[in-house]
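Here is what each chain is made of, one letter per residue.
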Amino acid sequence: ELTELTTEAADTAPYKLTARSAEGEQIAWNGEISINPAASRGRMVLQGWKLATLARWLGNRIELERADGTLDVSFDYAAAFGGSAPAFTVSNLQARIAELALVNRAAREPFAQLASLQVNGGMFDLAARKFAVESIDMARAAVALEVDANGNVNWSGLVPKAPSPAAATTPA
C-alpha cells in the first residue's frame with residue numbers, strides 16, 4: 001500500500017510495501033520517500049530468497065546449471081539525489097546464506113558449497129567509498145577447483161566471455 005505520495009518540498013510520509021513470490025520468497029520495505037528533493041530512507045528485508053531464483057534473474061550473465069540454497073538480507077539505507085553528488089549509505093546490514101551449492105554447466109558436482117554464511121554489522125557509504133563488516137561466520141565451506149588438460153579452471157566459465165569487438169560490429 002502506498003498512499004499520500006506528494007511532490008511538495010520537504011514533505012515525506014512513512015510507507016510500507018510487501019511482496020511475496022509464489023514460492024514464499026518475501027521482500028519488505030518500509031521508509032520514507034520524497035520527490036523534491038529526490039531522497040529515500042528506510043529498511044529493506046529479503047527473506048527466504050532461493051538462490052535458484054536469483055540465478056534465473058541473472059539469466060545468461062552467469063553460467064550455472066544449478067544454484068541451491070537460501071538468502072536472507074536486511075539493511076537500513078539512506079539515499080539522496082538532490083545535491084551535487086548522489087549520496088547512498090547502507091547500515092545495519094545482516095545477511096545469511098544457508099545450504100549453498102553451486103554447479104556450473106560443465107560439471108555434475110557442486111564446485112562451491114557451504115552450510116551457512118552469516119554477515120553481521122555491514123555498512124557501505126558511496127560518497128566516502130567505505131565498506132565495512134563487523135563479522136563474517138562461515139560453516140562447512142568447500143570449494144572444488146579443477147584444471148582440465150587444456151589448463152582451463154572449472155570456475156573460468158561462470159561468467160560468459162564478452163563478444164570480441166569485431167564480432168559485435170560484424171553485420172548479420
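These figures come from a predicted structure and were not determined experimentally.

The rules behind the values
Residues numbered from 1 in each chain as written. Predicted model: local features only at pLDDT ≥ 70, side-chain atom pairs only at ≥ 80, totals over all residues. Heavy atoms only, no water. pLDDT = per-residue confidence, 0-100. Helix = DSSP H or I, 4+ residues; strand = E, 2+ residues; numbered from the N terminus. Core = buried A, V, L, I, M, F, W, Y, C linked by side-chain atoms within 4.5 Å. Buried < 20%, exposed > 50% of the residue type's maximum accessible area, 1.4 Å probe, protein only. Salt bridge = Lys/Arg side-chain N within 4 Å of Asp/Glu carboxyl O. Patch = residues over 30% accessible without salt bridge, like charges linked within 9 Å, V, L, I, M, F, W, Y side chains within 5 Å. Areas by Shrake-Rupley, 256 points an atom, 1.4 Å probe, with all protein chains shown as cover. Pairing = 2+ DSSP bridges. Contact = heavy atoms within 4.5 Å.

## A few points about the confidence of the model for the protein chain
In step 1: Mean pLDDT for the protein chain: 85, with 83% of residues reaching 70 or above.
In step 2: Ranking the elements of the protein chain by mean pLDDT puts helix α2 (residues 165–169) last, at 60, and strand β7 (residues 130–132) first, at 97.

## Description of the nonpolar core
In step 1: In this structure, L64, A67, V73, F75, Y77, L102 and F111 are the most contacted members of the largest nonpolar core, which totals 24 residues.
In step 2: Broken down by element, this core gets its largest block of residues, seven residues, from strand β4 (residues 64–80).

## Let's talk about the pattern of salt bridges
In step 1: The full count for this structure, using the stated rule, is two salt bridges.
In step 2: Note that R43 and D76 form a salt bridge whose closest N and O atoms lie 2.8 Å from each other. Separated by 33 residues along the polypeptide, R43 in strand β3 (residues 39–50) and D76 in strand β4 bring together distant segments of the chain.
In step 3: Accessibility expressed as a relative area gives 26% for R43, which makes it partly exposed.

## A short note on unusual backbone geometry
In step 1: Even without a glycine there, the phi angle at E99 is positive, about 55 degrees.
In step 2: Here E99 lies in strand β5 (residues 87–104).
In step 3: On the accessibility criterion, E99 (53% relative accessible area) is exposed.
In step 4: Even without a glycine there, the phi angle at R140 is positive, about 45 degrees.

## Quick word on a nonpolar patch on the surface
In step 1: On the surface, V143, L145 and W155 cluster together to form a nonpolar patch covering roughly 320 Å² of accessible area.
In step 2: Within the secondary structure, L145 is located in the loop between β8 (135–143) and α2.
In step 3: Here L145 falls in the exposed class, since its relative accessible area comes to 60%.

## As for the pairing of β5
In step 1: In the sheet, β4 pairs with β5 via 14 bridges, with the strands oriented antiparallel. Along β5, the bridge assignment pairs D72 with R96.
In step 2: What sits between β4 and β5 in their antiparallel hairpin is a turn of six residues.
In step 3: As judged from the eleven bridges shared by β5 and strand β6 (residues 112–125), these two strands associate in the antiparallel manner. By the bridge assignment for β6, A95 is matched with V119.

## Things to note about helix α1 (residues 51–58)
In step 1: Within α1, the full set of buried residues consists of L51, T53 and A55.
In step 2: Taken together, the buried residues of α1 touch β3, β4 and β5.
In step 3: Positive backbone phi, at 55 degrees, marks G59, one or two positions downstream of α1.

## Concerning the environment of A55
In step 1: Looking at the element boundaries, A55 is found in helix α1.
In step 2: Sequence separation between A55 and L102 is 47 residues; the distance between their C-alpha atoms is 10.0 Å.
In step 3: Apart from residues no more than four positions distant in its own chain, A55 is found in contact with L64 and A67.

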